[in-house]
Amino acid sequence: MIRNDLLLVDSAFAEAEKYMDHMNVKINQAHEKFEELQTLGGSQGDFDELRKDVMKLKLQIPSHVKIRSSNSNPHRKRWPNINEAEDGMTHFFYKEPQVLHNDYLGGQFKASFELSEPLLFCLLCFFAFPPEATIKKRTMIYLWIGQGLILWHLRSRGLYQRDFDGIIPHIIEEDVGNEIFDALIAKGFIEPVYQNCLLVPDTCRMSHSVRASFYKEAKFRRFTSNDSLDLDPGFVCSGLKVRPCLINVGEAIINCRPEIFENMKFIRSLYLGRWQSSATHHIELADTKILHGLKNLCWLEFLCLRGISMIMELPTVILELKLLKILDLRACHHLEAIPNNIGLLNSLTHLDMSECYFLEHMPKSLAQLSNLQVLQGFLIGDFNNNKQSCTLRDLSRLLKLRKLNIYIKVKEFLRLQGLEYLEKFEDVQKLTISWGGCSLQAQAENVAEAFHFATLPPKLQKLDLQCFPMMSLRNWLMPGKLKELKKLYIRGGKLCDLGQFQKRQGEQWTVEILRLKYLSKLKIDWSELRILFPKLIYLHQEECPKLTNSPCDERGVWMNMEVIDSNMQLRKYLETSGMVSSSSMSGSDPTLGQDDSNICPVVERQLS
């Protein structure tokens, strides 16, 4: 037995030595590429591609080495210390109050800000997170959807009921969630947090005073409870008996048995992944067999595995979650494959696979997700040898799709096919296209030819282009075909002009928000930019040295204050953030002192 074990050890370490030789070659190639780009220069796309290659190498570092390198304690379970955190880690010094501040909810305040019970539960969901923690709007809305709070709110308003033929109206819950989020900000229950020079907030937090006022209510309704689960303190279980929610609040290493989910059959939202904005909050799954316990969660509607490493493939038991609406796999860097039968998840409305760099294949059954509204991280690659890969042509049959994020990874532009089907996505309002792994040294005419037949969705309202390979927008991105476009983001790439040399023929852009970042070759004057975008109210530019005579401030931001002054809601946002002064404002905010009956006008318009 000893001899056999020694032979096994010899064989294993011989294989490990071969693997290390292979990795050393890749590491040396990355060093050489980095030195070459530093010496000879390179485009933003070249640096982005190298960054992704280095990220893949970084992910090969054994977990115990990574943990010791960041903390001398090899059994660390908590995230980085407070001095290194970016997400308001001061909540560890805050203690929850034991009594209700009656003066805060008394008298005129309570009468002015009375909330219906569904919206009260939406607010109490903030108690599942640490005090003063900054939370993404998307995170909260997904939790509300998963726990059924938005549909509960709509039913209480009579907006979600079967008609005489037994048909339930099609409702976009995320739109309603956005309106609830804005209403809670307008009424002062949560505070907006402005990041990355955004015009409107996508992150928020609850102040200590509001948290103190609602703490007794949250504790009574068990939104702060962890008593019912045999888990580490880093997990919080909250909600109603039939709408519980389990959130990973503070665990960096998830180490439990699959059987732990057997007593959680009524959980509707399971948030195992990262909710913090900063990617420095690393989460690791000790054993992928833990996910096999998900088969017991037959009521699950929201599953988040975001940012969890060591997940190479999803277990097929996930296909048994027939009520699952939202599946968040963002930044699962080790994920190599999506189940081929993912089309069995008929209830799925949101699927996020972005930043999963090891994915090389898109299951054909994605086109069977007829209720899909949001698809992020859809890969277009060299699939010539795999006829079962899903294409844009297949996806064009998804009639409810309204947000699409595409990652293009092909070695040659001339092999890129299928972009002409983008115009078939008639209801897509938000589109992101990222390029990576492409031959950015290709001739400009070949690049333009690859996009010659690519026509964008007609109802597009937001377009985000990342590492754009073409040198000009003309003959491809024309304002006459995008009359509803309000937001245009361009980050990185070889873009030299925005079409200012093209014959306008009376056409003008309808873009109101423009973001230009890392465009070292873009050459345009401010006067030309204003002619191109006459309706522009907000510009954020960063590292665009050839954008001349720009009136942007030190942050690279310009705002059309005349338009902003006339928009009460937008003005309210900017005042709250301190981006503009309130001195020119007169009168009071019309939203204050009102009930929540004005929430969800989008749904009312849809039904009418």
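Before reading on, note that the structure itself is shown above.
So, here's what we can say about the structure.

So, how was this worked out
- Residues numbered from 1 in each chain as written.
- Predicted model: local features only at pLDDT ≥ 70, side-chain atom pairs only at ≥ 80, totals over all residues.
- Heavy atoms only, no water.
- Axes fitted to C-alpha atoms, helices over the stretch in contact; angles between N-to-C directions.
- Helix = DSSP H or I, 4+ residues; strand = E, 2+ residues; numbered from the N terminus.
- Parallel < 35°, antiparallel > 145°, perpendicular 65-115°, else oblique.
- Contact = heavy atoms within 4.5 Å.
- Nonpolar A, V, L, I, M, F, W, Y, C, P; charged D, E, K, R; others polar.
- Expected span 1.5 Å × (residues − 1).
- Buried < 20%, exposed > 50% of the residue type's maximum accessible area, 1.4 Å probe, protein only.
- Salt bridge = Lys/Arg side-chain N within 4 Å of Asp/Glu carboxyl O.
- Pairing = 2+ DSSP bridges.

Next up on the list: the packing of helix α6 (residues 117–124) against helix α10 (residues 208–220). The contact between α6 and α10 brings their axes to 10 Å, and the two run at 105°. Considering their axes alone, α6 and α10 lie roughly perpendicular with respect to each other. Note on element contacts: α10 touches α6 through Phe214, Glu217 and Ala218, opposite Leu120, Leu123 and Leu124. Considered class by class, the residues forming the contact of α6 with α10 number 5 nonpolar, no polar and 1 charged.

This part takes up helix α1 (residues 2–40). Counting along an α-helix, one turn takes 3.6 residues, and residues three or four places apart therefore face a common direction. For α1, which comprises 39 residues, the first-to-last C-alpha distance of 56 Å matches the rise-based estimate of 57 Å (1.5 Å per residue) to within 8%. Where α1 is concerned, the buried positions are Met23, Ala30 and Leu37. Just downstream of α1, Gly41 is the residue with a positive phi angle, here 85°.

Another point: the pattern of salt bridges. All chains considered together, the criterion is met by 19 salt bridges. The residue Glu117 makes a salt bridge to Arg221 at a minimum N-O spacing of 3.3 Å. Placement of the pair is Glu117 in helix α6 and Arg221 in the loop between α10 and β4 (235–239), with a sequence separation of 104 residues. One salt bridge in this structure joins Arg402 and Glu174, with 2.9 Å as the shortest N-O distance. Separated by 228 residues along the polypeptide, Arg402 in the loop between α11 (392–395) and β14 (403–409) and Glu174 in helix α9 (residues 173–186) bring together distant segments of the chain. When salt bridges that share partners are traced, they join Glu173, Arg268, Glu301 and Lys325 into one network.

With a relative accessible area of 13%, Arg402 lands in the buried category. Residues contacting Arg402, with those up to four places away along its chain left out, are Ile172, Glu174, Asp175, His350, Gln373, Val374, Asp427, Val428, Gln429 and Lys430.

A few words now on the pairing of strand β13 (residues 374–381). The element β13 is extensively covered by neighbouring structure, given that 8 of its 8 residues are classed as buried. Pairing of strand β12 (residues 350–352) with β13 involves 3 bridges; the strand directions are parallel. Bridge pairing links Asp352 to Gln376 in β13. The pairing of β13 with β14 spans 6 bridges and is classified as parallel. Residue Leu375 lies in a different strand from β14, and its bridge partner there is Leu404.

If you trace the 3 strands from one edge of the open sheet to the other, you get β1-β3-β2, paired in antiparallel fashion. Only two strands of the sheet have a single partner each, and these edge strands are β1 (135–136) and β2 (191–193).

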